Amino acid sequence: MNSVTYIANDRYAFEVAALTAILRAILDERIGAYPRPTDPAEAYERVHVALRAARFVDLGEPRVINGRVEPERHGDLVEALATLAPDAVTGTIKADQVKLALAEVGAIFPESAREMDTASTLDI
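Conventions adopted
- Residues numbered from 1 in each chain as written.
- Predicted model: local features only at pLDDT ≥ 70, side-chain atom pairs only at ≥ 80, totals over all residues.
- Heavy atoms only, no water.
- Pairing = 2+ DSSP bridges.
- Helix = DSSP H or I, 4+ residues; strand = E, 2+ residues; numbered from the N terminus.
- Buried < 20%, exposed > 50% of the residue type's maximum accessible area, 1.4 Å probe, protein only.
- Arc of directions from axis to C-beta.
- Contact = heavy atoms within 4.5 Å.

Another aspect to go through is the pairing of strand β3 (residues 68–71). In this sheet, β3 lies alongside strand β2 (residues 62–65) in antiparallel orientation, the contact comprising 4 bridges. Bridging across to β3, Ile65 finds its partner in Arg68. Between β2 and β3, which pair antiparallel in sequence order, lie 2 residues; one of them, Asn66, sits at a positive phi of approximately 55°.

This is how it looks when you write it as structure tokens:
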């Protein structure tokens, strides 16, 4: 299990917006290329590069496994983000989906979530 990571609220919002934009662009390219199938490894690599550039989670050293560049750590987070399905209503990737993946798979939260977490433990 990943340790919990809290990042500044403004940076969290920026990173969520950036990841959402990348995932939407990948989806748009897939739609534009239809019916030609697209390589799912490309989405994985683009998300991997985006997370590595963001530097809010330590991915460790990159390594090549089965012809694909993978992170040393948090490959599950990269995979979860790269395989997000479009929202059934809007037909696109929503920021809430990215936030949910960051929380559930990566244990990554905005700093404001720490305040709520601390407040809830004080009530016990």
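Glancing now at helix α4 (residues 95–104). Taken together, the buried positions of α4 are occupied by Gln97, Val98, Ala101 and Leu102. For α4, the angular spread of the buried residues around the axis is 135°, confining them to a single face. Turned more than 90 degrees away from the buried face of α4, the exposed residues are Asp96 and Glu104. Each element contacted by the buried residues of α4 is listed here: α1 (9–33), α3 (75–82) and β4 (108–110).

Honestly, it's all geometry; don't read function into it.
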